[in-house]
Amino acid sequence: MTQKLYENDSYIKEFTATVTSVEEDDGKFLITLDKTAFFPEGGGQAPDKGEIKGIPVLDVQERGDEVVHTLATSISLGEEVKGVIDWPLRFSRMQNHCAEHILSGVIHKFFGYNNVGFHMNDSLITFDVDGPLTAEDVEKVEKEANRAVFENAPISVLYPTAEEFENIECRSKIELNEGVRLIKVEGFDTCACCAPHPKGAGEIGLIKVVNFFPNKGGTRIEMLAGALALADYSYLHLAAKAIMKQLSAKREELAQSVAKLGDDLAVARGEIKKLSEKLAAASLKTEHTERAVIGFTPDADFNALRNIANGLTGEKEYVALFSQNGEDNYNYLIATKSGDVRELVKALNAEFSGKGGGKPDCAQGKLTATSPDTITEFIKTKL
Ligand SMILES: [Zn+2]
């Protein structure tokens, strides 16, 4: 049985232990020690990283009452070895896991919702609660959770007896079994958990909800705390400063300035569209046959072709418009006021490796031709 040092002291960064078993497994080595400060994967938290005798620890898993460390190279049975935890990573996980407890505890206290899912990686923590939350609710919860930080609420590990457990208000719906481990954040939350936590909420630093959205009838919350929240703030701060500089905007005007930029852009795009259509109409070169107007204009999209066609449909039975987009590539739009364009479109596609179609009165597509004349001559044979 491995003595789990992390259960009663979350702050052990280095320790000395004796190797109690070594087992080869697919080119790697599974090692147990008489005691360890390496937290194995569990309770939604990834296993600790670090080194044993200078060898990187690849994985840590619980197997029965043993903690199994996976190493790339072997060490000797009975050897006394030094273990070193990747402390910045572990501490960040402690900050974030504990922040999740506090947020869940506050949500439970305010709204009675239960935590129904928890996922933690080293860049984002997500958890699910079984009820809806508004933006105001989330703001209120976040504020209350940070009060735990500002007041440095004490955090303790409890192993209650059955009698003691009766009188403990515990968020997790658990049956008391032998050795249940509770994490209590004084005044904010008590919940069963196997992971290491800090001894005071002040160590968590900022608790920030970065996103939330409805999920399966409840709410999914994405959060960051401590070192992760600081890194996120630094990133967003730099991005905001760069945008403020580019827009010559003050921080309190930032959102408005970006919104205005979007509006200005929409107006400018509208103007460009109108001008492009005017240009396409002005550049149009047409040839009239008995039944059709055949026109060519450069760089017009289908909307522009449609607008031009609308102005020409009164002139002949058919309007066939082409816009050269690229060397031998053309957009086409064929319209008719009383006939059916589908036969012509089918023939055009077949002759000029085209693609497209539409309704009897109007169709559009793309084709490839060596010159406008070849297209015009072909249409004359058909109409
Ligand atoms: Zn937990």
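Please read all numbers here as calculations on a predicted model, not as lab measurements.

A. Structural context of helix α2 (residues 87-111). With 25 residues, α2 extends 35 Å between its outermost C-alpha atoms, agreeing within 8% with the 36 Å of an ideal straight helix rising 1.5 Å per residue. Positive backbone phi, approximately 75°, marks G112, located one or two places after α2.

B. Just the domain arrangement of the protein, in detail. Segmentation of the protein into domains returns domain 1 (3-85), domain 2 (90-234) and domain 3 (279-382). Look at where the C-alpha atoms of domain 2 and domain 3 centre, and you get two points 65 Å apart.

C. Summary view of the packing of helix α6 (residues 254-282) against helix α7 (residues 302-312). Their axes nearest at 9 Å, the elements α6 and α7 cross at an angle of 55°. Overall, the two elements α6 and α7 adopt an arrangement that is oblique. Between α6 and α7 lies a crossing whose hand is right-handed. Facing α6, whose interface residues are S276, E277, A280 and A281, α7 presents A304, N307 and I308. Considering only residue class, the contact of α6 with α7 consists of four nonpolar, two polar and one charged.

D. Seen up close, the packing of α2 against helix α5 (residues 226-247). Remark: α2 packs on α5, axes separated minimally by 6 Å, with the N-to-C direction vectors making an angle of 90°. What the angle tells us is that α2 and α5 run roughly perpendicular. For the pair formed by α2 and α5, the contact residues are S92, Q95 and N96 on the first element and G226, A227 and L228 on the second.

E. Representation of the sheet that holds strand β15 (residues 218-225). Taken in spatial order, the four strands of this open sheet run β9-β10-β15-β14, and their pairing is antiparallel. One side of each edge strand has no neighbouring strand; the edge strands of this open sheet are β9 (115-120) and β14 (207-215). Adjacent strand axes in the sheet meet at a mean angle of 20° when their direction is disregarded. With eight bridges joining them, β14 and β15 adopt antiparallel strand pairing.

F. A look at the nonpolar core. In terms of nonpolar packing, the biggest core is built from 47 residues, with A99, I102, L103, A145, I207, M223 and A225 touching the most fellow members. Top contributing element to this core by residue count: α2, with seven residues. Among all residues touching I102, those that are not within four sequence positions of it are A145, A148, V185, F188, D189, A201 and I207. By size, the runner-up hydrophobic cluster in this structure holds 31 residues, among which are L321, F322, L333 and V345.

Conventions we followed
- Residues numbered from 1 in each chain as written.
- Predicted model: local features only at pLDDT ≥ 70, side-chain atom pairs only at ≥ 80, totals over all residues.
- Helix = DSSP H or I, 4+ residues; strand = E, 2+ residues; numbered from the N terminus.
- Expected span 1.5 Å × (residues − 1).
- Domains from an automatic or database assignment.
- Axes fitted to C-alpha atoms, helices over the stretch in contact; angles between N-to-C directions.
- Parallel < 35°, antiparallel > 145°, perpendicular 65-115°, else oblique.
- Left-handed = near helix turned anticlockwise from the far one by under 90°.
- Contact = placed C-beta atoms within 7 Å.
- Nonpolar A, V, L, I, M, F, W, Y, C, P; charged D, E, K, R; others polar.
- Pairing = 2+ DSSP bridges.
- Core = buried A, V, L, I, M, F, W, Y, C linked by C-beta atoms within 7 Å.
- Buried ≥ 20, exposed ≤ 12 C-beta atoms within 10 Å, placed from the backbone.

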